[in-house]
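# Observations on chain architecture
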Amino acid sequence: MNNIDLSVSIGKLKLKNPVLLASGTVGYGNEISKFIDLSKIGAIVTKSISLKPRKGNPPQRIVETSSGMLNAIGLANVGLEVFVKEKLPFLEELKTTLICNIAASSIEEYVQCIRILSEHEIIKAFEINVSCPNVKDGGLIFGNNIEAVKKITSEVRKATEKTLLIKLSPNTADIWKFAEAAKNEGADAVSAINTLVGAAFDIKTKKPKIKNITGGLSGPAIKPVALAKVFEIHRNVDIPIIGIGGISNTEDAIEFLIAGASAVQLGTINFINPNAGIEIIEGLKNYCLQNNVNNISKLTGSYNLS
Amino acid sequence: MNNIDLSVSIGKLKLKNPVLLASGTVGYGNEISKFIDLSKIGAIVTKSISLKPRKGNPPQRIVETSSGMLNAIGLANVGLEVFVKEKLPFLEELKTTLICNIAASSIEEYVQCIRILSEHEIIKAFEINVSCPNVKDGGLIFGNNIEAVKKITSEVRKATEKTLLIKLSPNTADIWKFAEAAKNEGADAVSAINTLVGAAFDIKTKKPKIKNITGGLSGPAIKPVALAKVFEIHRNVDIPIIGIGGISNTEDAIEFLIAGASAVQLGTINFINPNAGIEIIEGLKNYCLQNNVNNISKLTGSYNLS
Amino acid sequence: MIIENSKVISNIEIANNIFLLTVRSPQIASHGKAGQFCNIKVSNSNYPLLRRPFSICDINNDEVSFLFNIVGEGTKILSGKKENDVINILGPLGNGFLLNDDFDLAVFVAGGLGIAPFPLLQKELKNKKQIERFFGARTAAEIITLDFEESHWATDDGSLGRRGTVLDLLDSEINNFTNYKLKIFGCGPTPMLKALQKYSEEKKIKCEISVESAMACGFGICQGCPVEKNDKSGFYLICKDGPVFNSSDVIL
Amino acid sequence: MIIENSKVISNIEIANNIFLLTVRSPQIASHGKAGQFCNIKVSNSNYPLLRRPFSICDINNDEVSFLFNIVGEGTKILSGKKENDVINILGPLGNGFLLNDDFDLAVFVAGGLGIAPFPLLQKELKNKKQIERFFGARTAAEIITLDFEESHWATDDGSLGRRGTVLDLLDSEINNFTNYKLKIFGCGPTPMLKALQKYSEEKKIKCEISVESAMACGFGICQGCPVEKNDKSGFYLICKDGPVFNSSDVIL
Ligand SMILES: Cc1cc2nc3c(=O)[nH]c(=O)nc-3n(C[C@H](O)[C@H](O)[C@H](O)COP(=O)(O)OP(=O)(O)OC[C@H]3O[C@@H](n4cnc5c(N)ncnc54)[C@H](O)[C@@H]3O)c2cc1C
Ligand SMILES: Cc1cc2nc3c(=O)[nH]c(=O)nc-3n(C[C@H](O)[C@H](O)[C@H](O)COP(=O)(O)OP(=O)(O)OC[C@H]3O[C@@H](n4cnc5c(N)ncnc54)[C@H](O)[C@@H]3O)c2cc1C
Ligand SMILES: Cc1cc2nc3c(=O)[nH]c(=O)nc-3n(C[C@H](O)[C@H](O)[C@H](O)COP(=O)(O)O)c2cc1C
Ligand SMILES: Cc1cc2nc3c(=O)[nH]c(=O)nc-3n(C[C@H](O)[C@H](O)[C@H](O)COP(=O)(O)O)c2cc1C
Ligand code: FES
Ligand code: FES
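Here we summarise the structure given alongside this text. Please read these numbers as outputs of a predicted model, since none were measured by experiment.

Moving on, we get to the interface of chain B and chain A. For interface size, the figure often reported is the accessible area lost on association. Facing 43 residues of chain B, the contacting portion of chain A comprises 43 residues. Counting each side, the surface lost to burial between chain B and chain A is near 3400 Å², with a carbon and sulfur contribution of 68%. On the surface where chain B and chain A come into contact, there are zero salt bridges. Scanning the region where chain B abuts chain A turns up eleven residue pairs in polar contact (both at pLDDT 80 or more). Every element with two or more residues in the side of chain B that touches chain A is listed here: strand S11 (196-199), strand S12 (214-218), helix H6 (223-236) and helix H7 (250-259) of chain B. Class assignment for the residues of the side of chain B that touches chain A results in 25 nonpolar, twelve polar and six charged.

As structure tokens, then:
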């Protein structure tokens, strides 16, 4: 059984394997491509793009915590125009599957971004970031408001035929209700999870270690929370899930598939081991071989609760 | 300046120092007293007590995660009657300040427990667990429902004159609203946070590693989340906060005080270093000495956001 | 029950991936009994976070030894400890084997690493009771002989001793001991203990077993280590009420 | 920019809590330039999670060395590395100092551990430019001489060299070099760099500084390491656009 099928389909989106690189942890592909063959990756998700460039937050933007890190980058990005002009050409060359992550401060801005970007053949899907904890406008204000998520999803759905992923915030009581709302308004999948809101203080200066005061917690520390959220969605809503949160190795990725994810995204691990994606794809292949799984999608939601 | 005042007051409750041992991580004081002088601790909080004994969940109840652990003990406890008969006498001998944590599946049960326990002089305060993620009845059903928290608080308030702490769930979007509800209904303080809902799967058997499927995540992994919740409450609600979540050493405890806590509770660290409480009290004293803080309560909410 | 910073005397790989760790722990050494265990912090950091429980294997003066194999990160880190490293150990924990009840032949039954508590148990029984030893392993390469010369051996693949399980082995020999009042002391993987429970019940032989589970604290405060009571009325805590139980008291 | 598992050649405590770590990293050695840095994984576990950035101190054939002091858990773990241990190193990262612009006397200005990039820089400048070295430390005990014999020294407490900051020292000597086209190369704590920025601007001396910040990735994908552009139009990324900047380009 050497022909293991690692491919997965999400809406119209065909992925050669279920290992994606998460938004905000690969930039626009350029720098990380020195360490990893992006053409072999399921897909890469761009850093959140907004209509206009954003400078992002002043330093300090990151701080390490126990098995995790806090970040408050503030959606620093080059803006739509520069993205199209300067970043897309490189991404086209790479022959990688490209998912564009969009962050906006109004529904109109989401729609406008999607309209413009939809014209670009190379962009195969959109991931709508309604859940960034680190900006005042947009971000969590949307992410924690189910009506906002509904409205954004339905408007954005009208603006594109491409595959649509809604990236959910874990900072809510019932994430499945948001997944359900996304599904009902026409999303093809949900990405779960974005970072958890966290903080750290310097006991000498009494200042927050992160200039933005709070930041988003990512990394292995949040893996159990992310798994529970994926599982919660899978049990309650019939929509494909892209699992994210603390995935660092093959075992972690498999855990997410078992818990209900159709694919996974790697975030923080890219900073530490930028080739992790390839290693995990290899690892998944081996796991399937050893466990007689001929099609990786059979792992999705394969938990045994007996 | 050798006379540093470590004492704090919360409602009528006077604590000789702000270091408490958290519910579910010290049993009823007996076993841990072999490692730590409980008479020197600010207070100990009992394992959640319910009216009737609870067997708790079948194994496996715990699993380690990166810098954390999941537990689903299921509120295993001896029940009110046995607690009073067999556990209280020992606690009386210890000369420790005792806070009774109550978990119940109905408002009536909460009230009944409190009525009975209020008669015992040695119990100085109650902590109401409205936030256990690991039981079907009660627990999170209450903890994520602001009306339930209001109702429980107001009923329990009527039943006792002792200091009343409401222990909040972090598994919500706006914890401060729950703190506000608790305050408005007469709670003296809130305890934040209980564990985060998490999960882990065995990739060989595909079974959840915890029999209960999900468990509560505790330990250093959750510290940044807990700090953000404490800070959120402190910014929005004028009520004393007892900070809990991943505190393992003096620096951690100080971070919580700075973020807005009036006192702290140690949980998971007790399993690893059962004398941590005493070490942290010593550490706080030294920090105050070095930083010319004559009264530890001055640290509460002393963050500098400039 | 104390916490002792203990200097490593030696840490020897006595078989593939199996280590015998000896530390200087005067206080634990002076109180430890066969069947008890210690909860060991394998690193100074949050990784791994929790202590790891290991049976006391042997005690010599102020030295305590543990027998362990590498199964995960914690034991891997422990295997890297070298002479003079200092390890933080909490113990001795739990209840040891009961030695003063009515028997005259102690029958040791161990599978794999389950052999760990028997060197000390043998010491404690010396000159008091007779002993027969039945040890099993998957294959000859995994056999740990320690200082047990005269023992009965079984391997799953027959590469040493009798082919089959240690229970098969025991059963094939048990009739040689009909003149004795027997008591079985069992330690090993749960499937083996289950078989032993059944066997001892059928044969009406007194039997104590050492039970394992995941643990956080190791001394009764987390309630993380339940094992169901035989009457299903609730759970014992393995760390506090065990790890050694009367075989008929628990449902594995 | 590669990831190399590098064997430790030596790790020597050359002053109190200050270590010189030398590893065999042929690929990094063959590409590394003065002013660049490497991002080092100090443990194989999630603790600490992130790599730690350190300037390349020197390169000898296929050996790369780093100079570091213990400030937290990561550097503590690194200080425990011994000969033959293997460390996972990502590098070389960032842009080094610019050496081919118009100057004939290189003025090194370092505070404390800021001396780290200068051994390699000195090597690269050898036979091309003249060099004057100004190094400061808090006290004599913290002075790291490395192989810089002929240097100007300042200590805050006057226990070695001139009493005062390295900037005071520089200022007291600068008039001796009026015949040269100067370029200052600065590295050290942020307050020192700020002073140096101001000084070089006032004196209209060309100046490059090596800037630090917390980092996650070290190669431009996390955006965690911003430093404000002089025109306030946005941020550079220290790891990718720096760590060496033209002094007038950034606001510290
Ligand atoms: C009372 C007691 C006495 C013990 N005595 C010994 C001994 O003398 N020698 C010895 O080698 N081991 C002994 N163990 C088991 C030992 O504690 C585990 O092997 C060890 O904790 C594994 O740590 P780790 O970090 O290497 O593995 P982890 O990464 O924690 O786990 C690796 C794998 O082992 C499983 N595992 C972890 N702990 C246990 C457990 N307690 N029981 C069954 N499976 C587990 C995990 O589920 C996982 O699949 C004992 C356990 C108990 C409770
Ligand atoms: C480009 C670059 C080059 C560097 N070169 C060297 C070098 O050659 N030698 C050397 O000793 N150090 C150097 N550093 C600093 C070094 O990276 C930190 O000292 C190290 O990361 C601390 O790790 P830790 O785990 O020991 O401390 P942590 O526990 O991470 O931190 C301990 C304390 O140091 C502070 N800290 C952490 N990182 C930094 C930082 N980058 N800048 C300022 N404060 C920090 C923390 O806020 C905390 O207060 C460099 C940093 C950068 C960005
Ligand atoms: C530094 C950093 C920047 C991030 N930026 C974005 C972003 O721009 N848009 C977004 O949707 N998610 C962003 N994320 C969230 C990640 O995509 C991911 O959801 C999260 O980090 C959890 O995964 P991890 O634990 O594997 O890192 C960012 C995460 C990090 C650590
Ligand atoms: C094993 C275990 C059992 C717990 N049982 C209870 C409980 O019965 N009632 C309660 O209110 N909280 C309980 N908690 C939650 C703790 O009191 C505390 O809120 C949480 O563990 C976070 O703190 P920590 O990170 O310091 O452990 C329990 C926690 C653990 C780890
Ligand atoms: S391990 Fe904590 S009670 Fe047994
Ligand atoms: S450290 Fe990641 S971008 Fe600079």
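With that out of the way, let us pick up the site of ligand 1. Residue and element names in this part refer to chain C. Around ligand 1 there are 20 residues in total, and Arg 52, Pro 53, Leu 67, Gly 74 and Thr 75 lie nearest to it. A distance of 3.2 Å separates an oxygen atom of ligand 1 from a polar atom in the backbone of Asn 69. Between a nitrogen atom of ligand 1 and a side-chain N or O atom of Glu 212, the distance comes to 3.3 Å. For ligand 1, whose free accessible area comes to 880 Å², the fraction covered by protein is 71%. Within the shell around ligand 1, the residues separate by chemical class into eleven nonpolar, six polar and three charged.

Once that is clear, we can look at the relation of the copies chain B and chain A. The transform that puts chain B on chain A rotates by 180° and translates by 0.0 Å along the axis, for an RMSD of 0.0 Å. The transformation relating the two chain copies, once decomposed into turn and shift, fits a two-fold axis. Both copies present the same face, since 100% of the interface residues in chain B are matched by interface residues at the equivalent positions in chain A.

Now for the sheet that holds strand S9 (residues 163-167) of chain A. What links the strands of a sheet is backbone hydrogen bonding, and the strands pair in either a parallel or an antiparallel sense. Residue and element names in this part refer to chain A. Strand order in the closed barrel made by the eight strands is S3-S4-S7-S8-S9-S10-S13-S14, with parallel pairing throughout. Averaged over all pairs of adjacent strands, the angle between their axes in this sheet comes to 25°, without regard to strand direction. As paired strands, strand S13 (residues 241-244) and strand S14 (residues 263-266) are joined by three bridges and run parallel to one another. Bridge assignment links Ile 244 to a residue of S14, and that residue is Gln 265. Against the sheet, helix H1 (residues 80-94) engages strand S4 (43-45), strand S7 (98-102) and strand S8 (123-129), with an angle of about 150° to S7.

A few words on the nonpolar core. Counting 306 residues, the largest nonpolar core has Ile128(A) and Ile128(B) as its most contacted members. When neighbours within four sequence positions are excluded, Ile128(B) is seen to be in contact with Ile102(B), Tyr110(B), Ile114(B), Ile152(B), Val156(B), Leu164(B), Leu165(B), Ile166(B) and Lys167(B). Among the nonpolar cores identified, the runner-up in size contains 46 residues, and Phe19(C), Ile40(C), Leu99(C) and Phe118(C) belong to it.

In this section: the site of ligand 3. The environment of ligand 3 is made up of 24 residues, and the closest members are Ser23(A), Ser48(A), Lys167(A), Gly246(A) and Thr268(A). The environment around ligand 3 is built from residues contributed by chains A and D. Contacts to ligand 3 include Ile193(A), whose backbone N or O atom sits 3.1 Å from an oxygen atom. One nitrogen or oxygen atom from the side chain of Thr268(A) is found 2.6 Å from an oxygen atom belonging to ligand 3. When ligand 3 is considered free in solution it has 600 Å² of accessible area, and contact with the protein chains removes 98% of it. Each residue belonging to the shell around ligand 3 can be placed in one class, and the counts come to eight nonpolar, 14 polar and two charged.

What counts, and where the lines are drawn
- Residues numbered from 1 in each chain as written.
- Chains lettered and ligands numbered in written order.
- Predicted model: local features only at pLDDT ≥ 70, side-chain atom pairs only at ≥ 80, totals over all residues.
- Heavy atoms only, no water.
- Contact = heavy atoms within 4.5 Å.
- Buried area = accessible area lost by both parts, 1.4 Å probe.
- Salt bridge = Lys/Arg side-chain N within 4 Å of Asp/Glu carboxyl O.
- Polar contact = N/O pair within 3.5 Å; in protein donor to acceptor, adjacent residues only side chain to side chain.
- Helix = DSSP H or I, 4+ residues; strand = E, 2+ residues; numbered from the N terminus.
- Nonpolar A, V, L, I, M, F, W, Y, C, P; charged D, E, K, R; others polar.
- Near = heavy atom within 4 Å.
- Areas by Shrake-Rupley, 256 points an atom, 1.4 Å probe, with all protein chains shown as cover.
- Least-squares fit on C-alpha atoms with pLDDT ≥ 70 in both.
- Pairing = 2+ DSSP bridges.
- Axes fitted to C-alpha atoms, helices over the stretch in contact; angles between N-to-C directions.
- Core = buried A, V, L, I, M, F, W, Y, C linked by side-chain atoms within 4.5 Å.
- Buried < 20%, exposed > 50% of the residue type's maximum accessible area, 1.4 Å probe, protein only.

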